[in-house]
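# Per-entry structural report
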Amino acid sequence: MRKLWASAYKEFLLLTRDVGGIAILFIMPLVLIVTITLIQDSSFKTIENIDIPILVVDNDQGDVSKTILDGLKESDAFEIHSKTSEDEAKDLVFKGKYQMAIVIPKELSEELQAQVDQNVEGIMAKFSMDSDSTDTTPKKQIEIKEVRLYFDPATQITFKTSVKNGIDKMISKIETESIYKAFQEQISDDPEEVIFDTKSLISFKEVLPEKDEKEMIPNSVQHNVPAWSLFAIFFIIVPLSINLVKEKNQGTFVRLRTNPVSYATVLGGKTLVYLLVCLIQFMLMLMIGVFLFPKIGLPTLDVSGRLPLLFVVALFAGLGAIGLGLLLGTIAKTQEQSAPFGATFVVILAALGGVWVPVFVMPKFMQTLSHISPMNWGLNAFYDVFLRNASFLDILPEIFTLLIFFLVTTLIAIVYNERKNAV
Amino acid sequence: MIQIDQVSKKYKDADYYSVSNLSLHVNEKEIFGLLGPNGAGKTTLISILCSLIKPTSGTFKIDGLDYQHDKNRLKQLIGIVPQEYALYPALTAFENLQYFGSMYGLKGKDLSNKINVALERLGLLPFAHKKIRTFSGGMKRRVNLIASILHHPKVLFLDEPTVGVDVQSKNAIIQFLQELNQNGTTIIYTSHHLNEAENFCTEVAIIDHGKIIIQGKPKDLISNHEGTHNLEDVFLSLTGKALRDHA
């Protein structure tokens, strides 16, 4: 035990002597989390709150186009600019000057009304409720109208989908209202009489998890802080593996191998100190979320009542990262091997683990692969605590898997070291 | 003190044996010099005796302890001064020694006293709390030596302990080693400084191609070889003048 503490103390001294290194260890994750959360939050606002300049070519000039334009204005998401030529609008959008152009076709209102009237009259005739039910005049051929949308090729798919859905909904609403209006006109002579209740029969209500009888409303911060904290925790792989390679290159490992101390004890000392680093990193990142974010216009990170569980997850995620770092540092011969590999591997694990793209939107094969990423286990545990109001028992499977991962990777490192040195 | 029986070592993918059927006996309190040209097998033999590498065949015992069965007790018994500075540059001399001393189970005031005595003896006490990275080569060599003797090993292995140091540091190291020897430590030492070995060692063995080609007291070896005036003459007459370059 004394040898373990001595090893940990030595690691602590080595770490604290490298002021630049320690600054990078603690400051870079904070810079990362602030940058990413600001970007993620603003991209969220891109759709929600920011006025996006768009072009509208209104060839209809009727009720339908007026309703579409009013809908776009009401959404507060767009800054609408009118154009008269579709070609000009298309050109401007494809050059990236505007994010989108909407081209409303000629006579859309007229044609829509004609179509609706014709259909309603047809229905009324079937039920013999109309005096002209015997009317045999041929039906007008109505041309299908196309509302054209042009998007800047650099526009994200999520934005396109969101806009398309919005316009589709607007047009459906216009159609429905036109049908109701046509029926109203057919059935009653009094335009003021309310025959149909046009309110939607079905509505949606998102039911959120509750904590202390309060709804837990997730925001970009609640999503980003755990994800990117985990990413930063796993970056400990890089300095830890470099530390091990340095020991080999400066000859201290050779001396330690002649000393009556096991490799496990040496690794144990490193584990204790680097785990402490992970926990301090995590604490700083939480503090940024709680104290700094509200000051820079981001939502506050809500950690109330969750701190103990959050630190439990951070502890086991740190162990997982350290296990990987110990293994990489044991296998790598040079810093040129360990540093780039470590950094790239963390990025791959993050991608697989769902830090960037949620796992459920990944292809099936990648979803299966994501289950072998320790970052996925850590991220799930963090989301359980942050967003799903989970208890210790709920996160037990994830933290147990992280612990097993640490034990297995460390054991492989010890066995590899024994075998490699048994020359 | 050390009994080596038919020890051989062939590295993986090597075409030849680095140590070949080597048998050797070293008495207690001896200062034993392992001499030989580059690639003769000196460092390999010392690495085997320090349990850094396993012999391909053969056995050895140190103070009656077998390397295969008593590895941990054996490690407690020996000290090794490696050829490279096996120290942490960012730590002070005292912190390095405290750490390596604690690996032998030393602790507290006893450890601090031992460190201070050794540092003083080798003229390093004023620099005890300076970082190793600021030390000269000779100072690092002396700290490297102290790190290996804090636990008073029965056997001390030194792989070229005076390479690249100035005359003063070399002198201090040799005197310190002689004191250790007088206090009961058996010393096994490799060097290319044959004059130093001639004066320092009580017994030497010249190794070439993994085999001992001669063993004895330096004076006896010189007197038994006609036309030789010192150990270097004996060495050259036995190993030849051809260059021993390895890549």
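The rules we used
- Residues numbered from 1 in each chain as written.
- Chains lettered and ligands numbered in written order.
- Predicted model: local features only at pLDDT ≥ 70, side-chain atom pairs only at ≥ 80, totals over all residues.
- Helix = DSSP H or I, 4+ residues; strand = E, 2+ residues; numbered from the N terminus.
- Buried ≥ 20, exposed ≤ 12 C-beta atoms within 10 Å, placed from the backbone.
- Rg over C-alpha atoms; globule rule 2.2 N^0.38 Å.
- Contact = placed C-beta atoms within 7 Å.
- pLDDT = per-residue confidence, 0-100.
- Nonpolar A, V, L, I, M, F, W, Y, C, P; charged D, E, K, R; others polar.
- Expected span 1.5 Å × (residues − 1).
- Domains from an automatic or database assignment.
- Pairing = 2+ DSSP bridges.
- Core = buried A, V, L, I, M, F, W, Y, C linked by C-beta atoms within 7 Å.
- Axes fitted to C-alpha atoms, helices over the stretch in contact; angles between N-to-C directions.
- Parallel < 35°, antiparallel > 145°, perpendicular 65-115°, else oblique.
- Arc of directions from axis to C-beta.
- Left-handed = near helix turned anticlockwise from the far one by under 90°.

## Observations concerning the overall build of chain A
Tallying secondary structure elements over chain A gives 15 helices and 6 strands in all. The buried share of chain A, reckoned over its 423 residues, is 35%.

## With respect to the overall build of chain B
From N to C terminus, chain B includes 9 helices and 10 strands. The C-alpha atoms of chain B give 18 Å as radius of gyration, which agrees with the globular expectation for 247 residues (18 Å, within 12%). Principal-axis analysis of the C-alpha atoms places the extent of chain B at approximately 50 × 40 × 35 Å. Every one of the 247 residues in chain B was classed for burial, and the buried ones make up 45%. Pairs at least 24 residues apart make up 70% of the contacts formed inside chain B by residues separated by at least 6 positions.

## Here we look at the confidence of the model for chain B
Chain-level pLDDT for chain B is 88 on average; 98% of the residues reach the 70-or-more range. Per the prediction output, this complex has pTM 0.77; the corresponding ipTM is 0.86.

## Thoughts on the interface of chain B and chain A
The partner chain A presents 20 residues to the 27 residues of chain B that form the contact. When contributions to the side of chain B that touches chain A are tallied by element, the ones reaching two or more residues are helix 2 (71-77) and helix 3 (93-102) of chain B. With 4 residues, the top contributor of residues to the side of chain B that touches chain A is helix 3 of chain B. Looking at the side of chain B that touches chain A residue by residue, the class counts come to 17 nonpolar, 4 polar and 6 charged.

## Some points on unusual backbone geometry
Positive phi is not limited to glycine here, since A:E107 has a value of about 55°. Residue classification places A:E107 among the partly exposed positions, given that 16 C-beta atoms sit within 10 Å. The phi dihedral of B:E160 is positive, around 50°, even though this residue is not glycine. If you trace the backbone, B:E160 turns up in the loop between strand 7 (155-159) and helix 6 (167-182).

## Observations regarding helix 14 (residues 374-387) of chain A
All names here are of chain A. For helix 14, built from 14 residues, the straight-helix expectation of 20 Å at 1.5 Å per residue is met to within 8% by its first-to-last C-alpha distance of 19 Å. Summarising burial for helix 14: 12 of the 14 residues are buried, a large majority. Listed in full, the buried residues belonging to helix 14 are P374, M375, N376, W377, G378, L379, N380, A381, F382, Y383, V385 and F386. Backbone geometry just after helix 14 places N389 at a positive phi near 55°.

## What about the domain arrangement of chain A?
Its domain assignment divides chain A into domain 1 (2-43 + 218-421) and domain 2 (51-187). Between the C-alpha centres of domain 1 of chain A and domain 2 of chain A the distance comes to 53 Å.

## Some points on the environment of B:S23
Residue and element names in this part refer to chain B. Mapped onto the elements of the fold, S23 is located in strand 2 (residues 19-26). As for S23 and T59, which are separated by 36 residues in sequence, their C-alpha atoms are 9.3 Å apart. Every residue in contact with S23, bar those within four places of it in the chain, is listed here: I4, D5 and Q6.

## Quick look at the pairing of strand 3 (residues 100-104) of chain A
All names here are of chain A. Within strand 3, 5 of the 5 residues are buried, which leaves it mostly tucked inside the rest of the structure. Residues of strand 3 alternate between two faces, with M100, I102 and I104 on one and A101 and V103 on the opposite face, all of them buried. Here 5 bridges tie strand 1 (residues 52-58) to strand 3, and the two strands are oriented parallel to one another. Bridge pairing links L55 to A101 in strand 3. In this structure, strand 3 lies alongside strand 4 (residues 148-151), joined through 4 bridges in antiparallel fashion. From the neighbouring strand, I102 faces strand 4, where its bridge partner is L149.

## Quick look at the nonpolar core
Core analysis: the largest hydrophobic core is formed by 143 residues, its most contacted members being A:L230, A:I233, A:F234, A:I236, A:I237, A:V313 and B:F157. Sort the elements by how many residues they give to this core and helix 11 (residues 307-331) of chain A lands first, with 13 residues. By size, the runner-up hydrophobic cluster in this structure holds 23 residues, among which are A:L55, A:M100, A:I104 and A:V120.

## Here we look at the packing of helix 11 of chain A against helix 14 of chain A
In helix packing, the relevant descriptors are the interaxial angle and the interaxial distance, both defined with respect to the helix axes. Residues and elements named next belong to chain A. It is the contact of helix 11 with helix 14, at a shortest axis distance of 10 Å, that shows an interaxial angle of 175°. By the angle between their axes, helix 11 is roughly antiparallel relative to helix 14. Along the contact surface, helix 11 presents L309, L310, V313, A317 and G320, while helix 14 presents P374, G378, A381, F382 and V385. A breakdown of the residues in the contact of helix 11 with helix 14 according to their chemical character gives 8 nonpolar, 2 polar and no charged.

## Here's the deal with helix 4 (residues 108-121) of chain B
Residue and element names in this part refer to chain B. For helix 4, which comprises 14 residues, the first-to-last C-alpha distance of 20 Å matches the rise-based estimate of 20 Å (1.5 Å per residue) to within 8%. When we look at burial in helix 4, the residues that qualify are I115, A118 and L119. Angular distribution of buried residues about the axis of helix 4 spans 100°; they occupy a single face of the element. Exposed residues lying more than 90 degrees from the buried face of helix 4 are K109, D110, N113 and E120. The inward-facing, buried residues of helix 4 abut helix 3 and helix 5 (137-149). Phi turns positive one or two residues past the end of helix 4, at G123, with a value near 70°.

## A closer look at the packing of helix 5 of chain B against helix 6 of chain B
All names here are of chain B. Contact geometry of helix 5 with helix 6 gives a least axis separation of 9 Å together with a crossing angle of 15°. The pairing of helix 5 with helix 6 is recorded here as roughly parallel in orientation. Between helix 5 and helix 6 the crossing geometry is right-handed. Of the residues in helix 6, those in contact with G138, R141, R142, L145 and I149 of helix 5 are S169, A172, I173, F176 and L180. Taken together, the residues of the contact of helix 5 with helix 6 sort by class into 6 nonpolar, 2 polar and 2 charged.

## Regarding the sheet that holds strand 10 (residues 211-216) of chain B
Residue and element names in this part refer to chain B. Ordered in space as 6-7-8-3-9-10, the 6 strands form an open sheet in which the pairing is mixed. Each edge of the open sheet carries a strand with a single partner, namely strand 6 (78-81) and strand 10. For this sheet, the mean inter-axis angle between neighbouring strands, taken without regard to orientation, is 15°. Sheet strands touched by helix 5: strand 6 and strand 7. Its angle to strand 6, the strand with the most contacts, is close to 165°.

## Remarks on the pairing of strand 9 (residues 203-208) of chain B
Residue and element names in this part refer to chain B. When you tally the buried positions in strand 9, you get 5 out of 6 residues, the bulk of the element. Across 4 bridges, strand 3 (residues 31-35) lies against strand 9 in parallel orientation. From the neighbouring strand, L35 faces strand 9, where its bridge partner is I206.

## Let's talk about the sheet that holds strand 2 of chain B
Residue and element names in this part refer to chain B. Strands sit in the order 2-1-4-5 across an open sheet of 4 strands; the sheet is antiparallel. At either margin of the open sheet sits one strand with a lone partner, and together these are strand 2 and strand 5 (65-66). Pairing between strand 1 (residues 2-9) and strand 4 (residues 57-62): 5 bridges, direction antiparallel. When the bridges of strand 4 are listed, D5 appears paired with T59.

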